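# Residue-level structure breakdown
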Amino acid sequence: MPRLVPIAASAALTLILAGCAAGEADPAALGEDAEAQGGSEPMAPGECQPSGPDVESLEVSTDLDAPPEITFSSALNPDSTERMVVVEGAGEQVKAQDRVTLSYAYFNGETGEKIGHIGYEDEAPDMIPIEPETPYLVGLVHTLMCSSNGSRVAGVIPAEEAFGAEGAPEFGLGPDVSIIFIADILDIQPPPPPPLEELVAPQQPAPEGFPTVEFSGGTPVVEFPEGEIPDAYQVAAVIDGEGDMVYDGATVVVQYHGVNWNTGETFDSSFERGEPATFPTNGVIPGFRDGLVGQNVGSRVLITIPPALGYGPQGGTQDGAIGAEDTIFFVVDILGMQ
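Residues numbered from 1 in each chain as written. Predicted model: local features only at pLDDT ≥ 70, side-chain atom pairs only at ≥ 80, totals over all residues. Heavy atoms only, no water.

### Looking at the overall build of the chain
When helices and strands are counted, the chain shows 6 helices and 18 strands. Looking at the chain as a whole, 49% of its 338 residues qualify as buried. Of the accessible surface of the chain, which amounts to about 15,800 Å², a share of 49% is contributed by carbon and sulfur atoms. (Helix = DSSP H or I, 4+ residues; strand = E, 2+ residues; numbered from the N terminus. Buried < 20%, exposed > 50% of the residue type's maximum accessible area, 1.4 Å probe, protein only. Areas by Shrake-Rupley, 256 points an atom, 1.4 Å probe, with all protein chains shown as cover.)

Here it is in structure tokens:
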């Protein structure tokens with residue numbers, strides 16, 4: 001579920017969206033009849049959102065190296081999202097299904113009070129997938145659609161196209177209060193390719209010290225070497241993929257098979273379930289994350305994880321399948337990223 005998360009007492013925001021939607025208005029984006037529409041009629045999903053009197057009443061700062069600041073004279077509450085280009089960029093335009101990296105600020109559309117900002121002053125920017133049919137925060141998508149890379153754009157978004165008619169009390173937004181969204185577009189990436197169904201490239205032998213891995217009926221069969229159980233972290237790719245590199249925080253689609261080195265027992269396996277798993281790399285144990293980040297889609301990765309980078313700090317797993325002192329081993333096929 002997409003969500004906005006407050007950060008600390010400053011009420012800065014970070015936007016985590018699995019999908020969602022100033023100067024003169026952008027003529028190319030608005031079309032010839034934009035002035036007549038005035039932003040009063042909602043646009044169909046994926047189309048370019050028009051300007052309107054509410055957003056055009058804003059004065060927006062134009063220093064792209066600093067968090068946006070705004071001034072306006074009265075409460076803003078349009079019937080549908082109104083969009084305005086503040087600074088026109090020279091890059092390509094945002095299209096449906098693109099992934100947009102941006103810095104942004106939010107303001108209360110009634111009072112003008114800043115709710116927060118992200119991506120400025122040494123903060124990392126955010127990334128939003130552009131999914132025009134999302135039912136959540138669709139006004140953000142409508143603001144970003146058709147905007148050029150390098151632009152600063154402003155959107156005045158009614159409650160119905162943001163958090164809903166009840167508002168968002170956690171951000172100081174009462175019922176029917178609009179939000180003002182000012183975004184600096186830093187990068188535009190096309191949508192990722194669909195995930196692979198399976199890996200078909202030949203597997204290379206595992207390096208010395210790793211378990212041997214063979215497949216039977218589509219499921220890994222792991223044979224551990226004799227000797228002491230390792231206490232060092234190790235990663236090896238036995239199939240080198242040719243897809244995009246997995247970045248820290250990426251949401252990956254994988255098949256995985258986990259075995260407890262101490263007991264020889266399989267504790268979890270999407271291979272056995274017959275269905276890939278999808279999760280963010282920053283939502284798993286450190287050893288699993290580090291084994292994926294930097295690898296390419298299409299790779300098969302073997303990961304040996306000592307307790308300190310696995311479940312040791314948690315005292316093992318609740319079901320007892322992994323103890324606090326146990327080393328675990330994973331076979332992971334990286335099928336895609338979302």
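The discussion continues.
### Some remarks on the pattern of salt bridges
In total, this model carries 6 salt bridges according to the counting rule given. Taking the shortest distance from any N to any O, the salt bridge between K114 and E69 comes out at 3.3 Å. Of this pair, K114 sits in strand 7 (residues 114-118) while E69 sits in the loop between strand 3 (59-60) and strand 4 (70-71), and the two are 45 residues apart along the sequence. Across the pair D333 and R300 runs a salt bridge whose closest N-O atoms are separated by 2.6 Å. (Salt bridge = Lys/Arg side-chain N within 4 Å of Asp/Glu carboxyl O.)

### Details of the packing of aromatic side chains
Per the stated rule, a full pass over the model turns up 13 aromatic pairs. Ring plane angle 75° and centroid distance 6.1 Å describe the contact between F224 and F329, whose orientation is recorded as edge-to-face. Highlighted residues: F224 in the loop between strand 12 (219-223) and strand 13 (234-239) and F329 in strand 18 (residues 328-337), separated in sequence by 105 residues. A centroid spacing of 6.2 Å and a plane angle of 85° characterise the contact between Y256 and F288, whose relative ring orientation is edge-to-face. Of the two residues, Y256 is situated in strand 14 (residues 251-260) and F288 in helix 6 (residues 286-292); the sequence distance between them amounts to 32 residues. There is no split in this pair, since Y256 and F288 are both buried. Grouped by ring-pair contacts, the aromatic residues Y256, F267, F279, F288 and F330 constitute a single cluster. (Phe/Tyr/Trp six-rings, centres within 6.5 Å; stacked < 30°, edge-to-face > 60°.)

### Observations concerning a negative patch on the surface
A cluster of acidic residues, D79, E160, E166 and D176, forms a negative patch at the surface. Along the chain, D176 falls in the loop between strand 9 (152-157) and strand 10 (179-189). (Patch = residues over 30% accessible without salt bridge, like charges linked within 9 Å, V, L, I, M, F, W, Y side chains within 5 Å. Lys, Arg positive; Asp, Glu negative; His and termini not counted. Charge placed at Lys NZ, Arg CZ, Asp CG, Glu CD.)

### Things to note about the pairing of strand 11 (residues 212-216)
Across 5 bridges, the pairing between strand 11 and strand 12 is antiparallel. Bridged to T212 within strand 12 is E223. Linkage of strand 11 to strand 12, two consecutive antiparallel strands, is achieved through a turn of 2 residues, within which G217 is found at a positive phi near 65°. (Pairing = 2+ DSSP bridges.)

### Re unusual backbone geometry
You will see that D122, though not glycine, has its phi angle at about 70°, which is positive. Within the secondary structure layout, D122 lies in the loop between strand 7 and strand 8 (126-129). The backbone of C146 sits at a positive phi, close to 75°, despite the residue not being glycine. Here C146 lies in the loop between helix 4 (138-144) and strand 9. Owing to a relative accessible area of 5%, C146 belongs among the buried residues under this scheme.

### Some remarks on the state of the cysteines
Under the defined criterion, the tally for this structure stands at 1 disulfide. Paired through a disulfide, C48 and C146 show a sulfur-sulfur distance of 1.8 Å. Between C48 and C146 the sulfur-sulfur dihedral comes to about -80°; the bridge is accordingly left-handed. Here C48 is found in the loop between helix 2 (34-37) and helix 3 (53-56), whereas its partner C146 is found in the loop between helix 4 and strand 9, with 98 residues between them in sequence. (Disulfide = S-S within 2.5 Å.)

### Re the nonpolar core
Counting residues in each nonpolar core, the largest one holds 28 residues, and the members touching the most others are L102, I130, L140, L144 and F181. At the level of elements, strand 6 (99-108), strand 7, helix 4, strand 9 and strand 10 are the ones that each hand at least two residues to this core. A total of 5 residues in this core trace back to one element, the largest contributor, which is strand 10. Counting residues in each nonpolar core, the second largest holds 20 residues, with V246, L292, V301 and I328 among its members. (Core = buried A, V, L, I, M, F, W, Y, C linked by side-chain atoms within 4.5 Å.)

### Describing the side chain of D54
Note on placement: D54 falls in helix 3. For the buried D54, no salt bridge is present, and the opposite-charge side chain at shortest range is R83, 16 Å distant. From its side chain, D54 meets the backbone nitrogen of N77 in a polar contact 3.5 Å long. Aside from chain neighbours lying at most four places away, what touches D54 is A75, L76, N77, P78, E82 and V156. (Polar contact = N/O pair within 3.5 Å; in protein donor to acceptor, adjacent residues only side chain to side chain. Contact = heavy atoms within 4.5 Å.)

### What to know about the environment of E123
Residue placement: E123 occurs in the loop between strand 7 and strand 8. With 20 residues separating them along the chain, E123 and S103 place their C-alpha atoms 9.0 Å apart. Residues within four places of E123 in sequence aside, it is in contact with H117 and I118.

### Comments concerning the environment of V85
With respect to the helices and strands, V85 occurs in strand 5 (residues 82-87). Using a relative accessible area of 5% as the deciding quantity, one classes V85 as buried. Measuring from C-alpha to C-alpha, the distance between V85 and L144 comes to 9.9 Å, with 59 residues separating the pair along the chain.

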